[in-house]
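# Coordinate inspection notes
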Amino acid sequence: MRNTEGHTRTIVSPLELRSRRGRTVYWALLTTVVVVFTLVFVFPLYWMVTGAMKTGEEIAQMPPTFFPESPDFSVFADAWELFDIGTLLKNTLFYAVGAWLFALAVDVSAAYALSKLRPMFGNVILAGMLVTLMIPPIVVMIPAYITVTDVPLFGWHLLNSPWAIWFPVAANGFNIFLLKRFFDSIPNELLEAAEIDGVPPWRVLWSIILPISRPILGVVSIFTVVLVFKDFVWPLLVLPDSEKMTLSVGLSQTAGAVPQNQIMAGLVIASVPMIVVFFLFQRSIMAGLTAGSLKG
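The structure presented is a predicted model; accordingly, all values stated were derived computationally and were not measured.

### Here's the deal with the packing of helix α5 (residues 85-117) against helix α11 (residues 201-212)
Contact geometry of α5 with α11 gives a least axis separation of 12 Å together with a crossing angle of 100 degrees. Our classification of the angle between α5 and α11 gives roughly perpendicular. Contacts from Val 108, Tyr 112 and Leu 117 of α5 reach α11 at Pro 201, Val 204, Leu 205, Ile 209 and Leu 210.

### Some details on the packing of aromatic side chains
Taken as a whole and assessed by the stated rule, the structure comprises 14 aromatic pairs. Ring-pair connections join several aromatic residues into one group, and the members of that group are Phe 94, Tyr 95, Phe 102, Trp 163, Trp 166 and Phe 167. For Lys 54, the ring lying beneath its charged end belongs to Trp 47, and the centroid distance is 4.4 Å.

### Notes on a negative patch on the surface
On the surface, Asp 72, Asp 78, Glu 81 and Asp 84 cluster together to form a negatively charged patch. Mapped onto the fold, Asp 78 is located in helix α4 (residues 74-82). Taking the relative accessible area as the measure of exposure, Asp 78 reaches 39% and is therefore partly exposed.

### Concerning the pattern of salt bridges
For the coordinates displayed, the defined rule picks out one salt bridge. Note that Lys 180 and Asp 184 form a salt bridge whose closest N and O atoms lie 2.9 Å from each other. Separated by four residues within a single helix, Lys 180 and Asp 184 lie in helix α9 (residues 173-184), roughly one turn from each other. Assessed through its relative accessible area of 12%, Lys 180 is described here as buried.

### Side note on a nonpolar patch on the surface
Taken together, Val 33, Val 36, Phe 37, Val 40, Phe 41 and Val 42 make up a surface patch of nonpolar side chains, about 600 Å² in accessible area. Along the chain, Val 36 turns up in helix α2 (residues 20-52). Given a relative accessible area of 43%, Val 36 falls into the partly exposed group.

### A look at the nonpolar core
Core analysis: the biggest nonpolar cluster contains 38 residues, and Phe 76, Ile 165, Val 238 and Leu 247 have the highest contact counts within it. Leu 179, Phe 182, Leu 205 and Val 220 belong to the second-largest nonpolar core, a separate cluster that totals 23 residues.

### Let's talk about unusual backbone geometry
Phi is positive for Phe 121, which is not a glycine, with a value near 60 degrees. With respect to the element layout, Phe 121 can be found in the loop between α5 and α6 (122-131). For Phe 121, a relative accessible area of 57% translates into the label exposed. Despite not being glycine, Leu 153 has its phi angle at roughly 75 degrees, a positive value. Note on placement: Leu 153 falls in the loop between α7 (141-149) and α8 (163-170). Residue Leu 153 is classed as exposed on the basis of its relative accessible area, which comes to 87%.

Parameters at a glance
Within each chain, residues carry numbers counting from 1 in the order of the written sequence. Only residues with pLDDT of at least 70 are given local features in this predicted model, and only at 80 or more are side-chain atom pairs given and counted; all residues enter the totals for whole chains, interfaces and linings. The basis for the side-chain values is all heavy atoms of the structure; hydrogens and waters are excluded. The axes used here are C-alpha line fits, helices contributing only the stretch in contact, and every angle between their N-to-C directions lies in the interval 0 to 180 degrees. Runs of E in the DSSP output that reach at least two residues are strands. Runs of H or I that reach at least four are helices, and both are numbered from the N terminus. Working rule for angles: under 35 degrees goes down as roughly parallel, over 145 as roughly antiparallel, 65 to 115 as roughly perpendicular, anything else as oblique. Only heavy atoms matter for contacts: two residues are in contact if any of them lie within 4.5 Å across the pair. The criterion for an aromatic pair is that two Phe, Tyr or Trp rings (for Trp, the six-membered ring) have centres within 6.5 Å, with stacked assigned to planes under 30 degrees apart, edge-to-face to planes over 60 apart and tilted to the rest. By definition, being over a ring means that NZ of Lys or CZ of Arg is both within 6 Å of the ring centre and within 35 degrees of the ring normal. Note that patches include only residues with greater than 30% relative accessible area and no salt bridge, and the join distances are 9 Å for like charges and 5 Å for nonpolar side chains (Val, Leu, Ile, Met, Phe, Trp, Tyr). Only the protein chains shown count as cover for residues, and the accessible areas themselves come from Shrake-Rupley with a 1.4 Å probe. The working definition used for a salt bridge is a side-chain nitrogen of Lys or Arg within 4 Å of a carboxyl oxygen of Asp or Glu. In this tally Asp and Glu are treated as negative and Lys and Arg as positive; neither His nor the chain ends contributes. Every charge is mapped to an atom, namely NZ of Lys, CZ of Arg, CG of Asp or CD of Glu. Note on exposure labels: buried denotes an accessible area under 20% of the residue type's maximum, exposed denotes more than 50%, and partly exposed covers the range between, all computed with a 1.4 Å probe on protein chains only. What is meant by a nonpolar core is a set of buried Ala, Val, Leu, Ile, Met, Phe, Trp, Tyr and Cys residues, joined one to another through side-chain atoms within 4.5 Å.

Structure follows, in structure tokens:
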């Protein structure tokens, strides 16, 4: 909030922050907030990892222990063999890579057309895509399931095939919106210069737009891969064959017949790929989300 003289008003004035008491209160509050929010987000992960290294009796103990009395790291190897995580992880990676390729092909093309080609009723089409974000996924799950069991016009039966995962993920209104916002920030002069040289639109997209758009393409890629990895209900419906299950579905199918510490060990292993992806590409995520927010 600004006053009439253009100065920013804050809860604590700059004069108070320059005093020793003001700095002490400020840093104490800031540290408290950061620590509390960090614990809220990190504690479930810590509880899962430590729970995997406890015995079943120790997990059921009341009150619970925050540290395992005798950590057992062999439970992770046992969970890998018991759940056949290697096969489940291979299936999930296959679905994720295919979904990523289809999502980039469809979402980039749609965003480029809406941003730079300016089709008739483009704003109406974009509004229709954004409206789909307001609909809970569970509402459209039954129509989507009926569609993949018997694709209209073609009559394809896509159950137990990767196409049942790839097709629904390909068109994502949120990804299209992110990409369009970024494409809008690219100066039209670049495209006009290419058009004067006789460069076709598809070549403009491939040689000019995509190289500039690496940050947002990285964000869309990560969102798509994470979506496939974390999804549970849809793969459970369309991939009933045990040899084609995803990681999340495969773990749940065996969870009722194994000890709880092995279930947690399997969940820890399943979480590792996405945690590694986040730490490797966190800068790309932040850069991509802020890119395109300003013109120029």
